[in-house]
Amino acid sequence: MSKLTIAFLILALPAAAQRPGEFEGRQAIVASNDKLELIILTNGGAMADLVLKDDPERLSPMWNPSRMAREAGSAPWTGASLGHFVCVDGFGPVSEQERAAGLQGHGEAHRLPWETIRSEKAAGVTTVAFRVHLPLVQEVLTRTHRLVDGENVVYVDSELESLLAFDRPVVWAEHATIGSPFLAPEKTVVDMSATRAQTRSYPGRPGPRPHRVAPGRDFIWPMAPGVDGGVVDVRAAPAKPDSMEHTTCLMDPERRLAWITALNLEKRLMLGYVFRREEFPWVQSWDNYPPTLRLARGLEFSTQPYDVPRREAISMGTLFGAPTYRWLPAKSKIEARFLMFYVRAPEGFTKVDEVRLENGVLTIEDRAAGKKIVLKASLPI
């Protein structure tokens, strides 16, 4: 057999369903099926990049501050936060005492090396699982990612174990974050199964950019009270970005499964999440819209309405009748499950009114346009 024939055969082989890789100079595992390719960082576990296998542009919806810093000619991004990362146990800044003890914002998990405990493909299912010990809060996080052949879906199952002998309140957020160029002014719209909502107060902290919405006001998603006395549709970034907002939304209490989607109307690409509402009653939207057009938006489903210090979340107790933290019993484990999907939308699909997961089928509806996206989703959440 000639060297040319051998080379051709190697190139013709399908890519491994999971393999070592890198992302922006960071070590990673690349997990894929015939529809999707997902890059997971081995330090911090962020789902840093997600693309459709048949997309010639390989456009990822995920926020990539490393690329943005490079494009801007700024200093290299060295932070641990990018893409979809997990904030556990902690979501937001820390107290003075916690800082002195070594704890940093958004918890330990997204800053530490994760041990790969499983990486395989069997029966058409690609599985990559990690474990990380959180020494300061004395917890262990185990996280499993699965991709099933023929599906545009990533399933993520997490388990948090307490190593302590007393019940404790924990705070946990899935910090899903989209960024440009997927996130574009007036071209990318966000929908969710939200009901009551609130704009964040900013006592003594005006922020780096002006706000479009009035602070500390309740509203019904998605029409928020504006600073000028009008209303602001917070589904999309403004035509001329120069603002930063925080809003929180309570997921519909009548639903077992909550959902959130981000749709680029021009590219007709949609990222979406379905999660169990009892585990994550809240979605915080962090909207960072600088005039440079290097936009970022958090789709942060969580146990608490805002990224605030632990004491504040626990002292709040409830908002709109929903809890603002979760209990982790002594020497026990709690779990959280969600799925993430990435798919092309049909022409004329402009708004998501409903996402349903029933009998292994995921249905996304734009009722006004009379259009549906139907995806196979064979694993339960």
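Parameters at a glance
Residues numbered from 1 in each chain as written. Predicted model: local features only at pLDDT ≥ 70, side-chain atom pairs only at ≥ 80, totals over all residues. Heavy atoms only, no water. Core = buried A, V, L, I, M, F, W, Y, C linked by side-chain atoms within 4.5 Å. Buried < 20%, exposed > 50% of the residue type's maximum accessible area, 1.4 Å probe, protein only. Helix = DSSP H or I, 4+ residues; strand = E, 2+ residues; numbered from the N terminus. Contact = heavy atoms within 4.5 Å. Pairing = 2+ DSSP bridges. Axes fitted to C-alpha atoms, helices over the stretch in contact; angles between N-to-C directions. Phe/Tyr/Trp six-rings, centres within 6.5 Å; stacked < 30°, edge-to-face > 60°. pLDDT = per-residue confidence, 0-100. Polar contact = N/O pair within 3.5 Å; in protein donor to acceptor, adjacent residues only side chain to side chain.

Right, let's talk about the nonpolar core for a bit. Of all hydrophobic cores here, the largest spans 64 residues; its most connected members are Met192, Tyr273, Phe275 and Met340. When residues in this core are grouped by element, the largest group, 5 residues, is from strand E25 (residues 333-344). In contact with methionine 192, other than residues within four places in its own chain, are Trp221, Cys249, Met251, Trp259, Ile260, Val283 and Ser285. With 24 residues, the next largest nonpolar core counts Leu257, Met270, Leu339 and Ala377 among its residues.

On to the sheet that holds strand E1 (residues 18-23). Taken together, the 4 strands give an open sheet; going across it, the order is E1-E2-E3-E4, and neighbouring strands pair in antiparallel fashion. One side of each edge strand has no neighbouring strand; the edge strands of this open sheet are E1 and strand E4 (47-52). Taking the axes of each pair of neighbouring strands and ignoring which way they run, one obtains an average angle of 25 degrees across the sheet. Across 5 bridges, the pairing between strand E2 (residues 26-32) and strand E3 (residues 36-41) is antiparallel.

Before going further, it helps to examine the packing of aromatic side chains. Going through the model one piece at a time under the given rule, you end up with 13 aromatic pairs. Measuring from centroid to centroid gives 5.9 Å for tryptophan 63 and tryptophan 77, while their planes differ by 65 degrees, and the two rings are edge-to-face. Remark: tryptophan 77 occurs in the loop between helix H2 (65-72) and strand E5 (85-88) and tryptophan 63 occurs in the loop between E4 and H2; sequence separation between them is 14 residues. Among the aromatic residues, ring-to-ring pairing joins Trp172, Tyr273, Phe275, Phe280, Phe301 and Phe338 into one connected group.

When you line up the elements, proline 208 lands in the loop between strand E13 (194-199) and strand E14 (218-220). According to the relative accessible area criterion, proline 208 is exposed, its value standing at 64%. Measuring from C-alpha to C-alpha, the distance between proline 208 and arginine 131 comes to 37 Å, with 77 residues separating the pair along the chain.

With that settled, consider the confidence of the model for the chain. With 95% of its residues at a pLDDT of 70 or more, the chain shows a mean pLDDT of 93. Confidence over residues 1-14 falls short of pLDDT 50; this stretch has 2 contacts with residues more than four positions distant or in other chains.

What follows deals with the side chain of aspartate 307. Checked against the element boundaries, aspartate 307 lands in the loop between strand E21 (296-302) and helix H4 (310-316). Separated by 2.5 Å, the side chains of aspartate 307 and arginine 200 make a polar contact. If sequence neighbours within four positions are ignored, aspartate 307 has contacts with Phe91, Gly92, Pro93, His106, Arg200, His246 and Gln284.

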